[in-house]
Amino acid sequence: MSCLILIVFQNVDLTSVDSTMFNGPIRYLDLSHNKFGEIPSNAFSGLTSIGVISLYGLDIECTCSKLWFLGYALEKYMTLEGDIVCVNSTSWDSRCYL
């Protein structure tokens, strides 16, 4: 019997996130409505069973280097949920993550 691990850090004023915060077979991670402006490139390392990451209401600086997680999600067949808001621009180059 497998278990579904759901971790919710929604609206708790997180200012940073990294892989040391999570362990175990996490399937759903909710980081919505927090205050970090970027997601470090090691944030999801070691989360081999993650299926969904919820990122609603995050104000992210939308540069190619800071949007690395878009390509990561595609590569790992993960679902990203959310309405990420670009704080530096209303548009960004979609080729960043392809």
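Computed from a prediction, not measured in an experiment: that's the story for all the values here.

Visitor: Looking at this structure, how should I read the state of the cysteines?
Guide: Each disulfide consists of one covalent bond between the sulfur atoms belonging to two cysteines. If you walk through the whole model with that rule in mind, you get one disulfide. In this model Cys62 forms its disulfide with Cys86; the gap between the sulfur atoms is 2.1 Å. With the S-S bond torsion at -90°, the cross-link from Cys62 to Cys86 turns out left-handed. Here Cys86 lies in strand 6 (residues 85–86) and Cys62 lies in the loop between strand 4 (59–60) and helix 1 (68–75), a separation of 24 residues in the sequence. Assessed through its relative accessible area of 18%, Cys86 is described here as buried.

Visitor: How do you make sense of the packing of aromatic side chains when you look at a structure like this?
Guide: In this description, a pair of aromatic rings is defined by centroid distance and the angle of the planes. Overall, the coordinates contain four aromatic pairs when judged by the stated rule. Ring centres of Trp68 and Phe69 lie 6.0 Å apart, and the angle between their planes is 90°; on these two criteria the pair is classed as edge-to-face. Given a relative accessible area of 18%, Trp68 falls into the buried group. Pairing Trp68 with Tyr72 gives two aromatic rings, centres 5.5 Å apart and planes at 70°, and the pair type is edge-to-face. One end of the pair is Trp68 and the other is Tyr72, both in helix 1 and four residues apart, which spans about a single turn. Here the aromatic cluster, defined as three or more aromatic residues joined through ring pairs, consists of Phe44, Trp68, Phe69 and Tyr72.

Visitor: Any chance you could explain the pairing of strand 2 (residues 26–30) here in plain terms?
Guide: Here is the key point about a regular strand: its side chains alternate between the two faces of the sheet. By the bridge criterion, four bridges tie strand 1 (residues 5–8) to strand 2 in an arrangement that is parallel. The partner of Leu6 across the bridge, within strand 2, is Tyr28. Here three bridges tie strand 2 to strand 3 (residues 52–54), and the two strands are oriented parallel to one another. Within strand 3, the residue paired with Asp30 across the bridge is Ser54.

Visitor: For this particular structure, what's the right way to read unusual backbone geometry?
Guide: For residues other than glycine, phi is negative in most cases, and the peptide bonds are mostly trans. At Asn11, a residue that is not glycine, the phi angle is positive and equals roughly 55°. In this fold, Asn11 is placed in the loop between strand 1 and strand 2. What makes Asn11 exposed here is its relative accessible area of 54%. Of note, the phi angle at Asp13 is positive, near 60°, even though the residue is not glycine. Here Asp13 is to be found in the loop between strand 1 and strand 2. Assessed through its relative accessible area of 48%, Asp13 is described here as partly exposed.

Visitor: Please explain the sheet that holds strand 1 as it appears in this structure.
Guide: Strand pairing in a sheet takes place through backbone hydrogen bonds and is either antiparallel or parallel in direction. Strand order across the open sheet formed by four strands is 1-2-3-5, with parallel pairing between neighbours. Only two strands of the sheet have a single partner each, and these edge strands are strand 1 and strand 5 (79–81). On average, each strand axis in the sheet is inclined to that of its neighbour by 15°, with strand direction left out of account.

Reading the values: rules and limits
Residues numbered from 1 in each chain as written. Predicted model: local features only at pLDDT ≥ 70, side-chain atom pairs only at ≥ 80, totals over all residues. Heavy atoms only, no water. Disulfide = S-S within 2.5 Å. Helix = DSSP H or I, 4+ residues; strand = E, 2+ residues; numbered from the N terminus. Buried < 20%, exposed > 50% of the residue type's maximum accessible area, 1.4 Å probe, protein only. Phe/Tyr/Trp six-rings, centres within 6.5 Å; stacked < 30°, edge-to-face > 60°. Pairing = 2+ DSSP bridges. Axes fitted to C-alpha atoms, helices over the stretch in contact; angles between N-to-C directions.

Everything listed here is a matter of coordinates, which is why it stays silent on function.
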